[in-house]
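# Structural characterization, general
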Amino acid sequence: MLGDTAIAVNPTDERYKSLVGKFVVHPFVDRKIPIIADSYVDKDFGSGAVKITPAHDPNDYAIGVRHSLPFINILTDEGAINECVHIYSNNWYLFIFSPPAGTAASSRA
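The written sequence of each chain sets the order in which its residues are numbered from 1. Restriction of local features to residues with pLDDT of at least 70 applies here, the model being predicted, together with a cutoff of 80 or more for giving and counting side-chain atom pairs; totals for whole chains, interfaces and linings are based on all residues. Side-chain metrics in this entry use all non-hydrogen atoms of the structure; hydrogen atoms and water are not considered.

## Points about the nonpolar core
Note the following rule: Residues belong to one nonpolar core when they are buried, are Ala, Val, Leu, Ile, Met, Phe, Trp, Tyr or Cys, and are joined through side-chain atoms within 4.5 Å. Three labels apply to residues, based on accessible area from a 1.4 Å probe with only protein chains included: buried if under 20% of the type maximum, exposed if over 50%, partly exposed otherwise in between. Contact definition: two residues touch when any of their heavy atoms are within 4.5 Å.
Within the largest apolar cluster, seven residues are counted, these being Ala6, Ala8, Ile36, Val41, Ile52, Ile63 and Leu69. With residues near it in sequence (within four places) discarded, Ile52 still touches Gly3, Asp4, Thr5, Ala6, Ala8, Asp60, Ile63 and Leu69.

Dropping the structure here:
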């Protein structure tokens with residue numbers, strides 16, 4: 001979720017036509033993300049809306065390229081959450097996900 005850069009809906013889905021081109025605010029990282037239309041989305045599966053994380057998934061990557069979305073890598077080479085998340089984070093999120101000071105995990109961040 002932390003690397004999400006769009007919400008995609010099928011362009012033929014009447015439920016979401018009025019929302020395409022608008023933005024939502026990511027609930028954890030205080031980042032505006034667009035609502036885009038892409039035919040990859042199956043309007044009959046689940047809600048018909050899907051979050052897009054281009055740096056995480058091959059299908060999301062293809063959608064990211066088609067729509068010129070940002071690719072946010074949220075992990076270091078060691079698998080810790082990197083500074084990209086901290087730039088956009090609020091104190092609540094950092095409290096939940098930051099390891100306790102002085103632990104081995106905190107020295108890798």
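After presenting the structure, the write-up continues.
## Topic: the pairing of strand 1 (residues 6-9)
Short version of the rule: Only strands that DSSP links by at least two bridges are regarded as paired with each other. We count a stretch as a helix when DSSP gives it H or I for four or more residues in a row; a strand needs E for two or more, and each element gets its number in order from the N terminus.
Pairing between strand 1 and strand 4 (residues 49-52): four bridges, direction antiparallel. Bridging from a neighbouring strand, Val9 pairs with Ala49 of strand 4. Bridging between strand 1 and strand 3 (residues 32-37) involves three bridges; their strand directions are parallel. Looking at the pairing, Ile7 lines up with Ile35 of strand 3.

## Notes on the confidence of the model for the protein chain
Basically, it comes down to this: As a per-residue measure, pLDDT reflects the predictor's confidence and takes values from 0 up to 100.
On average, residues of the protein chain score 81 in pLDDT, and 75% of them are at 70 or above. Note that pLDDT drops below 50 for residues 87-98; the model gives that stretch 14 contacts with residues more than four away or on any other chain. Every residue in residues 105-109 is under pLDDT 50, and counting partners more than four places away or in other chains gives six contacts.

## Focus: the packing of aromatic side chains
Selection rule: Within 6.5 Å between ring centres, the rings of Phe, Tyr and Trp (the latter by its six-membered ring) count as paired, and their orientation is classed by plane angle as stacked under 30 degrees, edge-to-face over 60, tilted in between. Here, a charge over a ring means that NZ of Lys or CZ of Arg falls within 6 Å of the ring centre while also lying within 35 degrees of the ring normal.
Tallied over the full model, the rule gives one aromatic pair. Each ring, one from Tyr61 and one from Phe71, has its centre 5.2 Å from the other, and the planes form 75 degrees; the classification is edge-to-face. Here Phe71 lies in the loop between helix 1 (58-66) and helix 2 (83-88) and Tyr61 lies in helix 1, a separation of 10 residues in the sequence. For Tyr61, a relative accessible area of 47% corresponds to the partly exposed category. The residue whose ring lies beneath Lys32 is Phe23, and the NZ or CZ to ring-centre distance is 4.8 Å.

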